[in-house]
Amino acid sequence: MTSISHPRAAVILAAGQGTRMRSPLPKVLHPVGGRAMLDHAIDAAEALGCERIVVVVGAHSPEVRAHVVKRLGEDAVAVQDPPLGTGHAVRAAEAVLGDFVGQVVVTYGDVPLLTAADIEPVFASADGVTVIGFEARDPGAYGRLVMDGDRLLAITEAREASAEVLALTACNSGVLAAPVGLLFDLLAEVGCENARGEYYLTDVVELARRRGAPTRAVFAAEDAVMGVNSQAELAVAEALFQRARRAALMAAGVTLPAPDTVHLAWDTEVGGGTTIEPHVVFGPGVRIASGARIRAFSHIEGATVAAGAEVGPYARLRPGADLGEKVRVGNFVEVKNVRMGEGAKANHLAYLGDGAVGAGANIGAGTIFCNYDGFFKHRTTVGEGAFVGSNSSLVAPVTIGAGAMVGSGSVITGDVAPGDLALARGQQTAKTGWAARFMETMRAKKAAKT
Ligand code: UD1
Ligand code: MG
């Protein structure tokens, strides 16, 4: 990013009702790539070096307010009540920005794909109003950019536009930047005598030009500026986001034989030389080192996987799963909040929750860490090189010592010392010839009936 010559602030509009989402969750809190759209907008503002970030929220959504307060603090919130248009929304931030001096950029909580790199050109000049425009495939209801060469003369909303202006395909993304003093001086002049009876932010362009202040447009890709208004548009944004993230991973050397089937999160980190097989889903908080293999149909969130490890097919790694080098976690194994040391194995059908598995330990098929007593969670520790036989229940809190063995089918309720064998299951008895006699009797009974 270029050096920042003027202090920057961002005003992020998020006061819309989002009724077309038809969801009890406020629109801007809907996720793209596992992260709320509003957080993507805040991320971009932070990456632009904005020293002040103000989110304009409506009185109708305390959840949005709480979300902003949690991430940025109380003084990042401005309330617009009632919502009287985009210009009115930006004015709601004036008092909160206080004595800030510098450039203000206006962005949107429902435009999740717009990155700092896309926005950066809007700061190219520091003396007037600069708008981010785009060439629309279908200009529809967007505001039109009326240009004279490089100069932006006005933004005309579709409802107010003549047929000639409606034919223009250069449209307003809504994002603009201006020096703080100029912006609020202009907004104070904006009226609401228009088709919607709203205070239009877009009116500042013509007002600036009349004052002789420079007015410009810079252009971004239509996909980058897309806004989300419905569940269908949310899915389009998600698809665009996924495509970009998959391309970035492949460019970094990750092998994705079927990229369209792999679902990534905003923060998924994967080292080059790792293979992600088809139909793997990543939730947030996953780091995978180089040279690992994530096999098909695995679900991974909040987990760390070291080099050379193999996960799946059909594995589930939940938050706190921390797999060391060359660990193997196989089909239908769930791991949560467990550190597995180098070379440890749990290859089939197991639940490992809350604990640690030492290097080289082998967890047999069907082993369960019984971590929950109905009230509290407890830890299970399996020492290095230990061997836990199939279908064992390890009732936490419990420790299996290094190099110890647990007999298959055991219910282990007490610690096992290093090197010991623990057996905790019914004794086997043998009744000589019993089965043969039983079957003969039953066969005879059945034959007599038919
Ligand atoms: C706006 C622009 C239009 C542009 C389009 C891009 C204006 C007058 N028009 O139109 O030129 O092409 O966006 O999508 O600015 N909001 C508030 N408070 C309000 C009104 C809106 O916070 O009182 C927020 C909304 O939540 C939304 C955004 O501002 O995120 C845009 O508002 P919207 O009413 O959708 O504007 P458009 O008519 O689409
Ligand atoms: Mg809109």
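Quick note: structure is the one above.
Residue positions are given per chain, counting from 1 as you read along its sequence in written order. Numbering of ligands from 1 and lettering of chains from A proceed in the order in which they are written. For a predicted model such as this one, the threshold for reporting local features is a pLDDT of at least 70, and the threshold for listing and counting side-chain atom pairs is 80 or more; totals across whole chains, interfaces and linings nevertheless cover every residue. Side-chain numbers here rest on the full set of heavy atoms in the structure, without hydrogens or water.

What to know about the nonpolar core
For step 1, the next point in the chain: For the purposes of this section, nonpolar cores are sets of buried Ala, Val, Leu, Ile, Met, Phe, Trp, Tyr and Cys residues that join through side-chain atoms within 4.5 Å. Buried means the residue's accessible area, taken with a 1.4 Å probe over protein chains only, is under 20% of the maximum for its type, while exposed means over 50%, and partly exposed covers the values in between. Core analysis: the biggest nonpolar cluster contains 74 residues, and Leu38, Val105, Ile119 and Val129 have the highest contact counts within it.
For step 2, the next point in the chain: For Val105, the residues in contact, after removing those within four places along its chain, are Ala9, Ala10, Val11, Cys50, Ile119, Val122, Phe123, Val175, Leu176 and Ala177.
For step 3, the next point in the chain: By size, the runner-up hydrophobic cluster in this structure holds 47 residues, among which are Ala292, Ala303, Val335 and Ala344. It only takes one pair of heavy atoms within 4.5 Å for two residues to be counted as in contact.

Some remarks on the site of ligand 1
For step 1, the next point in the chain: Proximity criterion: a residue is near a molecule or strand once any of its heavy atoms comes within 4 Å of it. Taken together, 19 residues are adjacent to ligand 1, and Gln80, Gly85, Thr86, Glu157 and Asn172 come closest.
For step 2, the next point in the chain: Here a polar contact is taken to be a pair of N or O atoms separated by no more than 3.5 Å, where protein atoms must pair a possible hydrogen donor with a possible acceptor and residues adjacent in sequence count only if both atoms sit in side chains. Here an oxygen atom of ligand 1 and a side-chain polar atom of Thr86 are 2.7 Å apart.
For step 3, the next point in the chain: The separation between an oxygen atom of ligand 1 and a polar side-chain atom of Asp110 is 3.0 Å.
For step 4, the next point in the chain: Protein contact buries 81% of the 750 Å² of open area that ligand 1 shows by itself.
For step 5, the next point in the chain: Put simply, DSSP H or I for four residues or longer makes a helix, DSSP E for two residues or longer makes a strand, and each gets a number counted from the N terminus. Of all the elements in the fold, those that place two or more residues in the shell around ligand 1 are helix H3 (86–91) and strand S10 (170–179).
For step 6, the next point in the chain: Residues of the shell around ligand 1, tallied by class, amount to eight nonpolar, eight polar and three charged. Using a 1.4 Å probe, accessible areas were evaluated by the Shrake-Rupley method; residue-level cover was limited to the displayed protein chains. For this scheme, ten residues count as nonpolar: Ala, Val, Leu, Ile, Met, Phe, Trp, Tyr, Cys and Pro. Four count as charged, namely Asp, Glu, Lys and Arg, and the remainder, Gly too, count as polar.

Things to note about the pattern of salt bridges
Once their charged atoms are close, side chains differing in charge can pair, the charge on each being opposite to the other.
For step 1, the next point in the chain: What makes a salt bridge here is a side-chain nitrogen of Lys or Arg within 4 Å of a carboxyl oxygen of Asp or Glu, nothing more. By the definition in use, this model includes 22 salt bridges.
For step 2, the next point in the chain: Between Arg210 and Glu206 there is a salt bridge, with the nearest N and O atoms lying 3.7 Å from each other. Placement of the pair is Arg210 and Glu206 together in helix H8 (residues 203–210), with a separation of four residues, close to one helical turn.
For step 3, the next point in the chain: For Arg210, a relative accessible area of 64% corresponds to the exposed category.
For step 4, the next point in the chain: One network of salt bridges, in which partners are shared, links Arg35, Asp39, Asp43, Glu46 and Arg71.

Side note on unusual backbone geometry
Leaving glycine aside, a negative phi is the common case for residues, and trans is the common case for peptide bonds.
For step 1, the next point in the chain: Omega for the peptide link from Gly312 to Pro313 comes to 5 degrees, which places this bond in the cis form.
For step 2, the next point in the chain: Structurally, Pro313 is set in the loop between strand S19 (310–311) and strand S20 (316–317).
For step 3, the next point in the chain: A cis amide bond, omega 0 degrees, links Ala396 with the succeeding residue Pro397.
For step 4, the next point in the chain: Mapped onto the elements, Pro397 comes out in the loop between strand S28 (393–395) and strand S29 (398–400).
For step 5, the next point in the chain: A positive phi angle is found at Lys326, which is not glycine, with a value near 60 degrees.
For step 6, the next point in the chain: Topologically, Lys326 is positioned in the loop between strand S21 (322–323) and strand S22 (328–340).

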